[in-house]
Amino acid sequence: MAPTDEKVWGLNEVRMVQPIEVLLVEDDPGDALMTREAFAEHKVGNRLHVVSDGVEALRFLRREGEYAQAPRPHLVLLDLNLPRKDGREVLQEIKQDEDLARIPVVVLTTSEAEEDIIRSYQLHANAYVTKPVDFEQFIKVVRQIDDFFVTVVRLPQR
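Residues numbered from 1 in each chain as written. Predicted model: local features only at pLDDT ≥ 70, side-chain atom pairs only at ≥ 80, totals over all residues. Heavy atoms only, no water.

Draft legend 1. View of the environment of E37. Relative to the assigned elements, E37 resides in helix 1 (residues 29–42). Residues E37 and V142, spaced 105 residues apart in sequence, show a C-alpha to C-alpha distance of 9.7 Å. (Helix = DSSP H or I, 4+ residues; strand = E, 2+ residues; numbered from the N terminus.)

Draft legend 2. Main features of the sheet that holds strand 3 (residues 21–25). Strand order across the open sheet formed by five strands is 4-3-5-6-7, with parallel pairing between neighbours. The outermost strands of the open sheet, each flanked by one partner alone, are strand 4 (47–51) and strand 7 (127–130). Neighbouring strand axes in the sheet, compared pairwise and without regard to direction, differ in orientation by 20° on average. Of the strand pairs in this sheet, strand 3 and strand 4 are connected by five bridges, and their pairing is parallel. What sits directly across from V25, in strand 4, is V51. Packing against the sheet, helix 4 (residues 114–122) makes contact with strand 6 (105–109) and strand 7, and its axis sits at approximately 155° to strand 7. (Pairing = 2+ DSSP bridges. Axes fitted to C-alpha atoms, helices over the stretch in contact; angles between N-to-C directions. Contact = heavy atoms within 4.5 Å.)

Draft legend 3. Layout of the pairing of strand 5 (residues 75–78). What you see with strand 5 is no split at all: L75 and L77 on one side and V76 and L78 on the other are buried throughout. As judged from the four bridges shared by strand 3 and strand 5, these two strands associate in the parallel manner. Following the sheet pairing, V25 is matched in strand 5 by L78. For strand 5 and strand 6, the ladder comprises three bridges, and the chain directions are parallel. Directly across from V76, in strand 6, lies its bridge partner V105. Remark: the strand 5/helix 3 (residues 87–96)/strand 6 crossover connection has right-handed handedness. (Buried < 20%, exposed > 50% of the residue type's maximum accessible area, 1.4 Å probe, protein only. Right-handed = clockwise from strand over helix to strand, strands pointing away.)

Draft legend 4. Representation of the packing of helix 2 (residues 54–61) against helix 3. Interaxial distance between helix 2 and helix 3 falls to 9 Å at its minimum, and their mutual angle equals 20°. As the angle between them shows, helix 2 and helix 3 are arranged roughly parallel. Relative to helix 3, the crossing made by helix 2 is right-handed. On the side of helix 2, the interface is formed by G54, A57, L58 and L61, while helix 3 contributes V90, E93 and I94. The residue makeup of the contact of helix 2 with helix 3, split by class, is five nonpolar, one polar and one charged. (Parallel < 35°, antiparallel > 145°, perpendicular 65-115°, else oblique. Left-handed = near helix turned anticlockwise from the far one by under 90°. Nonpolar A, V, L, I, M, F, W, Y, C, P; charged D, E, K, R; others polar.)

Draft legend 5. Examining the side chain of S120 more closely. Looking at the element boundaries, S120 is found in helix 4. Accessibility expressed as a relative area gives 1% for S120, which makes it buried. Contacts of S120, omitting those with residues within four sequence positions, involve L80, L91, V107, A125 and Y128.

Draft legend 6. Representation of the packing of aromatic side chains within the structure. Taken as a whole and assessed by the stated rule, the structure comprises one aromatic pair. Both rings, one in F60 and one in Y67, keep their centres 5.4 Å apart while their planes meet at 55°; by these two values the pair is tilted. The same class applies to F60 as to Y67, namely buried. (Phe/Tyr/Trp six-rings, centres within 6.5 Å; stacked < 30°, edge-to-face > 60°.)

Draft legend 7. Molecular detail of the confidence of the model for the chain. Across the chain, the average pLDDT comes to 84, with 83% of residues at 70 or higher. The low-confidence segment residues 1–16, where pLDDT is below 50, has 27 contacts with residues more than four positions distant or belonging to other chains. (pLDDT = per-residue confidence, 0-100.)

Draft legend 8. Structural view of the nonpolar core. If you look at the biggest cluster of nonpolar residues, it comprises 23 residues, and the most contacted ones within it are V25, L61, V76 and L78. Among the elements of the structure, strand 3, helix 2, strand 5, helix 3 and strand 6 are those that each provide at least two residues to this core. Not counting chain neighbours up to four residues away, the residues in contact with V25 comprise V51, D53, A57, V76, L77, L78, D79 and L82. Within the second largest apolar cluster, 21 residues are counted, among which are V22, L24, V106 and I145. (Core = buried A, V, L, I, M, F, W, Y, C linked by side-chain atoms within 4.5 Å.)

Written out as structure tokens, the structure is:
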């Protein structure tokens, strides 16, 4: 067993948990730092990549320019209110792109607006999570997202 593998006991099964590649699309440096800290403290094996706007997110996902060697993320954590191209546009482009559509996208935003929630699900977000203001709660939420997508959900390998 590799050092980053761990056994997870599920319903009548044991499976190995491999580290996953996560793309965080977040323009707030404080929220990006808190997310990095939550991943660093919780799951050392998972690799978190951070971009700060929607244009860079799509370049990373499509492996364009400086991101030509970027790994394909298993999960995207997407803020809605981004510069250059907002999260709604990014989500729409991801889900309309045959090569990217299968990547789960969790909207992680401060917006509690019902129209943002509805629109995100209309655009095929896999989950919508409102960022807590409290630091400890924020860390807890990020860890729960990480736990769910690492230990519960089966993600496509490509």
